[in-house]
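Tertiary structure, described
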Amino acid sequence: MVWERLRHLLDETLLNFRRGGWGVVASIGAITVAFLVTGTFLLLTLNLGTVVAQWAEDFQVIVFLTDAITPEQVTLLRKRLEGELAVREVTYVSREEALADFRKQIRGQESLLEGLKTNPLPASFQLRIQKQHQTATALGQLAVSLRRMEGVEDVLYGQEWVDRLTSLVQVMKILGIVIGAVLGIASLFIVANTIRLAVYARAQEIEIMRLVGASRSYIQIPLILDGTLQGGLGAALALGMLYVLFRATLWQLGASAPLIFSGAELGRFLDVEYRMGIVGVGALLGAVGSLVAVRRFLRA
Amino acid sequence: MIQMFHVSKIYPKEVVAVSDITLHIQRGEFVFLSGPSGAGKTTLLRLIFRDELPTSGQILVNGRNVVRLRESKLPALRRSIGVIFQDFKLLMDRTVYDNLHLVARVLGVPEAVSRRKIGRLLKEVGLLQKADEIPYKLSGGEQQRVAIARALMSDPAILLADEPTGNLDPDLALDVMRLLIEVNIRGTTVVVATHNRRLVSEMGQRALILKQGRLMEETH
Ligand SMILES: Nc1ncnc2c1ncn2[C@@H]1O[C@H](COP(=O)(O)OP(=O)(O)OP(=O)(O)O)[C@@H](O)[C@H]1O
Ligand SMILES: [Mg+2]
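Attention here is on the structure that accompanies the text. Remember, it's a predicted structure, so these values are computed and weren't measured experimentally.

Our next topic: the coordination of the magnesium ion (ligand 2). All names here are of chain B. For the magnesium ion (ligand 2), the protein coordination sphere consists of Thr42 (OG1) and Gln86 (OE1), at 1.8 to 2.3 Å. On the criterion of sequence distance, the pair formed by Thr42 in helix H1 (residues 41-48) and Gln86 in the loop between strand S6 (81-84) and helix H3 (96-107) is long-range, its members being 44 residues apart. With relative accessibility at 29%, the residue Thr42 sits in the partly exposed group.

This part covers the sheet that holds strand S8 (residues 189-194) of chain B. Residue and element names in this part refer to chain B. Judged by pairing direction, the sheet is mixed, and its six strands sit side by side in the order S6-S7-S8-S3-S9-S10 without closing on themselves. Here the strands that pair on one side only, and so sit at the sheet edges, are S6 and strand S10 (214-219). Pairs of neighbouring strands in the sheet enclose a mean axial angle of 20°, with direction left out of account. Pairing between strand S3 (residues 30-34) and S8: five bridges, direction parallel. The partner of Phe32 across the bridge, within S8, is Val192. Across the face of the sheet, H1 comes into contact with S3, S6, strand S7 (158-162), S8 and strand S9 (206-211) while running at roughly 155° to S7. Against the sheet, helix H5 (residues 140-151) engages S6 and S7, with an angle of about 170° to S6.

Here we come to the interface of chain A and chain B. Note: interface size is frequently given as the accessible area lost on complex formation between the parts. Each partner contributes residues to the interface: chain A has 21 residues there, and chain B has 21 residues. Both sides of the chain A and chain B interface together cover about 1900 Å² of buried area, and 52% of this is carbon and sulfur. Considering only the side of chain A, the residues that lose the most area to chain B are Ile208, Leu211 and Val212 of chain A, jointly responsible for 31% of the buried surface there. If you look at where chain A meets chain B, you find four salt bridges. Where Glu207 of chain A meets Lys89 of chain B, a salt bridge forms, and the shortest distance between an N and an O atom there is 3.3 Å. The interface formed by chain A and chain B contains nine residue pairs in polar contact (both at pLDDT 80 or more). At the level of elements, helix H1 (2-20), helix H7 (203-211) and helix H8 (216-256) of chain A are the ones that each hand at least two residues to the side of chain A that touches chain B. A per-class count over the side of chain A that touches chain B returns eight nonpolar, four polar and nine charged.

A word on H5 of chain B. Counted at 1.5 Å a residue, the expected span for H5 of chain B with its 12 residues is 16 Å, and the 17 Å between its end C-alpha atoms agrees. Of all 12 residues making up H5 of chain B, 10 are buried, and the element is well covered by its neighbours. Buried within H5 of chain B are the following residues: Gly141, Glu142, Gln143, Gln144, Val146, Ala147, Ile148, Ala149, Arg150 and Ala151 of chain B. For H5 of chain B, the elements touching its buried residues are H7 of chain A together with S6, H3, helix H4 (111-124), S7 and helix H6 (170-185) of chain B.

Residue and element names in this part refer to chain B. Burial of the side chains of S6 extends over both faces: Ile81 and Val83 are buried on one face and Gly82 and Ile84 on the other. Where S6 meets S7, four bridges bridge the pair, whose relative direction is parallel. Bridging from a neighbouring strand, Ile81 pairs with Ile158 of S7.

Before going further, it helps to spend a moment on the site of ligand 1. All names here are of chain B. Not every one of the 13 residues close to ligand 1 is listed here, only the nearest: Ser37, Gly38, Thr42, Thr43 and Gln86. Here an oxygen atom of ligand 1 sits 2.8 Å away from a polar atom, N or O, in the main chain of Gly38. Here Thr43 contributes a side-chain N or O atom positioned 2.6 Å from an oxygen atom of ligand 1. Listing elements by their share of the shell around ligand 1, those giving two or more residues are strand S2 (15-25) and H1. No other element matches the three residues that H1 contributes to the shell around ligand 1. Of the residues contributing to the shell around ligand 1, the split by class is five nonpolar, six polar and two charged.

Analysis parameters
- Residues numbered from 1 in each chain as written.
- Chains lettered and ligands numbered in written order.
- Predicted model: local features only at pLDDT ≥ 70, side-chain atom pairs only at ≥ 80, totals over all residues.
- Heavy atoms only, no water.
- Donors = N, O, S within 2.8 Å, 3.2 Å for Na, K, Ca; no water.
- Helix = DSSP H or I, 4+ residues; strand = E, 2+ residues; numbered from the N terminus.
- Buried < 20%, exposed > 50% of the residue type's maximum accessible area, 1.4 Å probe, protein only.
- Pairing = 2+ DSSP bridges.
- Axes fitted to C-alpha atoms, helices over the stretch in contact; angles between N-to-C directions.
- Contact = heavy atoms within 4.5 Å.
- Buried area = accessible area lost by both parts, 1.4 Å probe.
- Salt bridge = Lys/Arg side-chain N within 4 Å of Asp/Glu carboxyl O.
- Polar contact = N/O pair within 3.5 Å; in protein donor to acceptor, adjacent residues only side chain to side chain.
- Nonpolar A, V, L, I, M, F, W, Y, C, P; charged D, E, K, R; others polar.
- Expected span 1.5 Å × (residues − 1).
- Near = heavy atom within 4 Å.

Rendered as structure tokens:
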């Protein structure tokens, strides 16, 4: 009995799929597009978010020193920097260390450095800033006062960029949510419509089934499963495409700008939780869409 | 088996299809429901398997009050009643076999059992050779017999036949009647709706005569 039931569910669902033909294909396609667009936003936002957070962490304030600076001046300067309220941590990077770091970064392309007779890189202090002082204006003021110090060549701080990128990520997040919601609702209607057509196409059969004693759920569950499958399949397909696009993009970027995009932390695909969540949301939208259709068009 | 108490059915726009009918059909009976077109025969049958609810009155089928039947109990009622519809209601895009198989699936009958049963029923109605045909290609009489076979798929306690001889020539009509009598002899309560009064008198069974929704007379 249970076996017959399961078989029936499978049969009916597949039957709907086959009967649905291009309608089902179009439905899954539309859901795929919706999830592809939303997924792209999600992926970009997450990655950009990580990158910006990383930058905010790494790239705070760099104080470049003049080449003529003496060790005594370095010590003195370090004391003064450590005395600053906003500064959490001070790291000295000598000219040699700077060059070694750079070599490491451009692994594979050391030939770029071959023509150099002398080390072009300055020594520097890299400062980490207390969280509460990490605003563009506070760091701007700090930079001005640091520039006046003896032995300081220049002060670089990326806070303005970090701020801009953070707000960009914020905007993208909101945009992603809005677009995701709109496309999600659209997907719901698309599934509902496909299931409605399936109900119409099989109206006579459904009527006969009811007349010979089929329960409501016996008729409804395969249709709802059908919608669920469409939603889940569309989302899974979108996920697959997103992955391919993502890999291709990384590869492209890696080839065209190895200096920027060689870092390992850059370019993470969606975590398992996100992937399962996306397929789950697709299936859920499909289920709700078909439930709506079934409720509306299977009265009596 | 089937009892009605002051049953009326009024469709929208004051169309009175059935009016104040009280009747009692015993278990195992064979009863004709006769009367001219539009008398309310189909409506009366539909009230029995709760395809329609009466406007007033009570209906008992096999001890169950159909009027107050809960939705969840409806499948059980329908499974105990085989219906031969006036318009057959066959699926024209499936084979004869698949039309019968649909019922087996709804009932959850195992595949092997259903195959045997379909074979037996098609043999009984003389259509074993047509199992893989599409009903669309069958004659009216053959379609009629497919509809009969399908109605018997659930071994119903009650068989409702709506104009089962409607478009058959007299010989075929008698064949069909013989088939229904046989079903009745095996214990099924049979109700046959027909406007063919000659057939009714030839068969000599109990008959309920309907006119304009009212029960006019009962003959034996
Ligand atoms: N679903 C419906 N909606 C409105 N009126 C209906 C409906 N079904 C039947 N009627 C009306 O109820 C009356 C009885 O119809 P019914 O079909 O029961 O007659 P019948 O005796 O089966 O006729 P026939 O011999 O032609 O099949 C008719 O006047 C018909 O127009
Ligand atoms: Mg009728």
